[in-house]
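# Structural features, examined
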Amino acid sequence: MPQVCEHHGVADGEAVGVRELCDEEAESMVARVCSEESSGPVVASEDLKQLVISLTSLLFQVQMLSERPSIPSHDLQGLAEAISHMKLNKIDPANTKVFEDKVEVHMAHIEAGLSQMGNLTAFDVHL
């Protein structure tokens, strides 16, 4: 996700939190989409809009982390914290099970894959 880094003037290696950067980019993108005149539905509820921003940020985080040659453990921890924060603060308790089944389970698989990426770089063949 270099365009996010370039857009904010941040080099990939700088000590800027991935989560914060992706939160900003997601908020900007959702605001831009909601402000455009379109024939499609626009999210009217502020709570739902915040959930869309959080889920979008989560996807940006995964993309940004997957593009790095190595992933610091604090960035993976930030991903887990984002999911936990979303579950506790953005999901209605009646929908917790759905969130766990439809988001949390899949994100756990993605996190596992991201955490193994650093271990697999030794096997990369650079021609």
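Numbering of residues starts from 1 in every chain and runs along the sequence as written. Selection of residues for local features in this predicted model requires a pLDDT of at least 70, selection of side-chain atom pairs for listing and counting requires 80 or more, and totals for whole chains, interfaces and linings are taken over all residues. In computing side-chain values, all of the structure's heavy atoms are included and hydrogens and water are not.

## As for a nonpolar patch on the surface
Nonpolar side chains collect at one region of the surface, where Val43, Leu48 and Val52 lie side by side and expose about 210 Å² of accessible area between them. Of note, valine 52 is situated in helix α3 (residues 46-66). For valine 52, a relative accessible area of 33% translates into the label partly exposed. Put simply, a patch holds well-exposed residues, over 30% relative accessible area, that have no salt bridge, with like charges counted together within 9 Å and Val, Leu, Ile, Met, Phe, Trp or Tyr side chains within 5 Å. Using a 1.4 Å probe, the Shrake-Rupley method yields the accessible areas, and only the shown protein chains count as cover for residues. Only one rule defines a salt bridge in this text: a Lys or Arg side-chain nitrogen within 4 Å of an Asp or Glu carboxyl oxygen. Each helix corresponds to a stretch of at least 4 residues labelled H or I by DSSP, and each strand to a stretch of at least 2 residues labelled E; elements are numbered beginning at the N terminus. Summary of the burial criterion: residues with accessible area below 20% of their type's maximum are buried, those above 50% are exposed, and those between are partly exposed, where the area comes from a 1.4 Å probe applied to protein chains only.

## Here's the deal with the confidence of the model for the protein
Low pLDDT means the predicted coordinates in that region are not meant to be read closely. For the protein, the mean per-residue pLDDT works out to 80, and 75% of the residues sit at or above 70. What pLDDT expresses is the predictor's confidence in each residue, scored from 0 to 100. The weakest mean pLDDT in the protein belongs to helix α1 (residues 2-7) at 47; the strongest belongs to α3 at 93. Residues count as neighbours in contact if any of their non-hydrogen atoms are within 4.5 Å of one another. A low-confidence stretch, residues 5-15 (pLDDT under 50), is modelled with 10 contacts involving residues beyond four sequence positions or located in other chains. In the model, residues 119-127 has pLDDT below 50 throughout and makes one contact with residues more than four positions away in sequence or in other chains.

## Topic: the pattern of salt bridges
Considering all chains together, one arrives at four salt bridges under this definition. Ionic pairing is found between lysine 87 and glutamate 100, a salt bridge with its closest N-O pair at 2.7 Å. Of the two residues, lysine 87 sits in helix α4 (residues 73-89) while glutamate 100 sits in helix α5 (residues 96-120), which places them 13 residues apart along the sequence. On the basis of relative accessibility, which here comes to 25%, the residue glutamate 100 falls in the partly exposed class. Two residues, aspartate 101 and lysine 97, come together in a salt bridge whose shortest N-O distance is 3.2 Å.

## Some thoughts on helix α2 (residues 18-35)
One less than the residue count of a helix, multiplied by 1.5 Å, gives the span that helix is expected to have. Given a rise of 1.5 Å per residue, 18 residues ought to cover 26 Å, and the 26 Å separating the end C-alpha atoms of α2 matches this to within 8%. By the burial criterion, the buried members of α2 are Val18, Leu21, Cys22, Glu25, Ala26 and Val30. The arc that holds every buried residue of α2, seen down its axis, measures 155 degrees, which confines them to one face. To obtain the arc, one takes the directions from the helix axis to the C-beta atoms.

## Let's talk about the side chain of glutamine 61
Positionally, glutamine 61 belongs in helix α3. Classification of glutamine 61 by relative accessible area gives buried; the value is 2%.

## Topic: the packing of α2 against α3
Where α2 contacts α3, the two axes come as close as 8 Å, and the packing angle between them is 130 degrees. When the axis of α2 is compared with that of α3, the two are oblique. Crossing of α2 over α3 shows right-handed handedness. On α3, the residues that touch Val18, Arg19, Leu21, Cys22, Asp23, Glu25, Ala26, Glu27, Met29, Val30 and Cys34 of α2 are Lys49, Val52, Ile53, Thr56, Ser57, Phe60, Gln61, Met64 and Leu65. Residues are grouped as follows: Ala, Val, Leu, Ile, Met, Phe, Trp, Tyr, Cys and Pro are nonpolar; Asp, Glu, Lys and Arg are charged; every other residue, Gly included, is polar. Here the residues of the contact of α2 with α3 are counted per class, giving 12 nonpolar, three polar and five charged. Here, axes are lines fitted to C-alpha atoms. For helices the fit covers the stretch in contact, and angles between N-to-C directions go from 0 to 180 degrees. Convention used here: angles under 35 degrees read as roughly parallel, angles over 145 as roughly antiparallel, angles from 65 to 115 as roughly perpendicular, and any remaining angle as oblique. What makes a crossing left-handed is the near helix being turned counterclockwise from the far one by less than a right angle; a clockwise turn instead makes it right-handed.

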